[in-house]
Every structure is written in structure tokens, then in C-alpha cells.
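For reference, the chains in residue letters:
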Amino acid sequence: MIGAWFDNHPKQQAAKLIVKDKSHLATKHLPDVWERKDEWYNFKNINPGIKALITIDEKSYEGGKNGDFHPMAWYHNFEGGRVFYTGLGHTNESYSEPLFLQHLLGGIQYAMGNKK
């Protein structure tokens, strides 16, 4: 349902996120390249049908295992419902960061049925 399985993660560290879709409620406010510190998940069995909103540049940190296509936030439809996933938000600081909070709000609004 979510679109991928958690595999593992390296230590928390700064990295560069690439915003792939600036038209979505969860990403329209973000810069093209978003640098931040977090815990960067590696995934397995990534569904090819997900629509990646944000990918991570694996050259910008240590421990990435998904290669050139390493999504960190995405959306897709599943059995008539809307799924939004973000792999961000593993630090306490995230929850006082305006860009991250708007990212979460946009994802919730999308899942509730608002247009992207």
C-alpha cells in the first residue's frame, strides 16, 4: 500500500533533496534543492507506479543504497484511495521547521482529497 519497504538507514546526516514535482501540495513551496539533516531511509521493492515528489542525491551523503532513483517522498493511488508518503521527519528539529511542516500539511491535504 505505501509504495516501498523500509530496508535500512545510515546515521543521521545532512544531504541534498531534489524536488521533482513542484506542482503538488506537499512540494510546491520547496526550493528545487532542499538541504537538510535527517535519517535517510533506504528502500526495497519500490513500486514503479509511485509518483516521486522528492528524491535524494546519494552523492551528497554516506550510506545511500538505492542509486540514481532514491525517492524520499511520493504519492500514488491504492485501491481507490490516495497514499502520501514522506521519509522525512526523524529529528526533533524537523517539527519546528516551516518548510517541513508545510510539506506534511500538503501531504495530508492531498490524502484528504484536495487537488494536487
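Everything below is about the structure shown above.
What counts and how
- Residues numbered from 1 in each chain as written.
- Predicted model: local features only at pLDDT ≥ 70, side-chain atom pairs only at ≥ 80, totals over all residues.
- Heavy atoms only, no water.
- Pairing = 2+ DSSP bridges.
- Helix = DSSP H or I, 4+ residues; strand = E, 2+ residues; numbered from the N terminus.
- Axes fitted to C-alpha atoms, helices over the stretch in contact; angles between N-to-C directions.
- Buried < 20%, exposed > 50% of the residue type's maximum accessible area, 1.4 Å probe, protein only.
- Contact = heavy atoms within 4.5 Å.

Draft legend 1. Layout of the sheet that holds strand S2 (residues 13-19). With respect to topology, five strands assemble into an open sheet ordered S3-S2-S5-S6-S7, the strand pairing being antiparallel. Whereas interior strands pair on both sides, the edge strands pair on one side only; in this sheet they are strand S3 (33-38) and strand S7 (81-86). Neighbouring strand axes in the sheet, compared pairwise and without regard to direction, differ in orientation by 20 degrees on average. Pairing geometry for strand S6 (residues 71-78) and S7, over six bridges, is antiparallel.

Draft legend 2. Structural view of the environment of Lys 65. The residue Lys 65 is located in the loop between strand S5 (51-56) and S6 in this model. A relative accessible area of 56% places Lys 65 in the exposed class. In the structure, Lys 65 is positioned 53 residues away from Gln 12 in sequence and 15 Å away in space, judged by C-alpha atoms. The contacts of Lys 65, once residues within four sequence positions are left out, are Asn 8, Asn 42, Glu 58 and His 70.

Everything listed here is a matter of geometry and, on its own, says nothing about what the molecule does.
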